[in-house]
Amino acid sequence: QVQLVESGGGLVQAGGSLRLSCAASGRTFSTRHMAWFRQAPGKDREFVAVITWSSTTVYANSVKGRFTISRDNAKNTVYLQMNSLKPEDTAVYYCAGHYSGGFTNTRSYDSWGQGTQVTVSS
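Residues numbered from 1 in each chain as written. Predicted model: local features only at pLDDT ≥ 70, side-chain atom pairs only at ≥ 80, totals over all residues. Heavy atoms only, no water.

A. Expanded view of the overall build of the protein chain. Each helix and strand counted, the protein chain has 0 helices and 11 strands in total. Along the protein chain, helices and strands appear, N-terminal first, in the series β-β-β-β-β-β-β-β-β-β-β. For 122 residues, the compact-globule estimate of 2.2 N^0.38 gives 14 Å, and the protein chain sits close to it at 13 Å. Scored against the burial criterion, the 122 residues of the protein chain give a buried share of 43%. Of the contacts made within the protein chain by residues no fewer than 6 positions apart, 56% connect residues no fewer than 24 positions apart. Accessible surface, the protein chain: about 6200 Å² in total, of which carbon and sulfur atoms supply 47%. (Helix = DSSP H or I, 4+ residues; strand = E, 2+ residues; numbered from the N terminus. Rg over C-alpha atoms; globule rule 2.2 N^0.38 Å. Buried < 20%, exposed > 50% of the residue type's maximum accessible area, 1.4 Å probe, protein only. Contact = heavy atoms within 4.5 Å. Areas by Shrake-Rupley, 256 points an atom, 1.4 Å probe, with all protein chains shown as cover.)

What follows is the structure, encoded as structure tokens:
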């Protein structure tokens, strides 16, 4: 299992940008697919983006063209660059390490960070 700690959340105005970081520890980081999920109050946790061990990426339609996921295996860190933020992006954002199964399913991940709050004001 990979231990994950998110950072970089905060309050930003609509149209602004934030970069989230997820610091990982563990022997298998470089060979794991890593993802970002988010959860708004009263809502289910939803898939945002994933980056595979080979650095291919998949995005939720709601963030496509605005968010970019990347990883730096030398630093054991995954990032989420969020541009053109909208109020509907407001949520707690979680970093997750993939275990098995489909990329967009929370059940496919066995490592989770504590979450970092992103609030986008209008």
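B. Local environment of the sheet that holds strand β1 (residues 3-7). The strand order across the open sheet built from 4 strands is β1-β3-β8-β7, with neighbouring strands paired in antiparallel fashion. Each edge of the open sheet is held by one strand with a lone partner, namely β1 and β7 (67-72). Taken pair by pair, the neighbouring strands of this sheet meet at an average axis angle of 15°, ignoring direction. For β7 and strand β8 (residues 77-82), the ladder comprises 6 bridges, and the chain directions are antiparallel. Note on β8: the bridge partner recorded for D72 is T77. (Pairing = 2+ DSSP bridges. Axes fitted to C-alpha atoms, helices over the stretch in contact; angles between N-to-C directions.)

C. Broad picture of the nonpolar core. Ranked by size, the top nonpolar core spans 33 residues in total, and within it W36, L80, M82 and Y93 carry the most contacts. Of all the secondary structure elements, the ones that give two or more residues to this core are β3 (18-25), β4 (34-39), β5 (46-51), β7, β8, β9 (91-98) and β11 (116-121). Per-element tally for this core: the top contributor is β5, with 5 residues. In contact with M82, not counting residues within four places along its chain, are G16, S17, L18, L20, R66, F67, Y93 and V118. (Core = buried A, V, L, I, M, F, W, Y, C linked by side-chain atoms within 4.5 Å.)

D. Focus on the pairing of β8. In terms of burial, β8 is largely enclosed, as 5 of its 6 residues are buried. Bridge count for β3 against β8 is 6 bridges, and the pairing is antiparallel. Residue pairing in the sheet places R19 in a bridge with Q81 of β8. Linking β7 to β8, which pair antiparallel, is a turn of 4 residues; within it N76 sits at a positive phi near 50°.

E. Main features of the pairing of β3. Relative to β3, β1 runs antiparallel, the two being bridged by 5 bridges. For S7, the partnering residue across the bridge sits in β3 and is S21.

F. The pattern of salt bridges, seen in detail. Applying the stated criterion across every chain, the model contains 4 salt bridges. Note that R32 and D110 form a salt bridge whose closest N and O atoms lie 2.8 Å from each other. Of the two residues, R32 is situated in the loop between β3 and β4 and D110 in strand β10 (residues 109-112); the sequence distance between them amounts to 78 residues. Of the charged contacts in the structure, one is a salt bridge between R38 and E46, with a shortest N-O distance of 2.7 Å. A residue is classified by how much of its surface remains accessible, and R38, at 5% relative accessible area, is buried. (Salt bridge = Lys/Arg side-chain N within 4 Å of Asp/Glu carboxyl O.)

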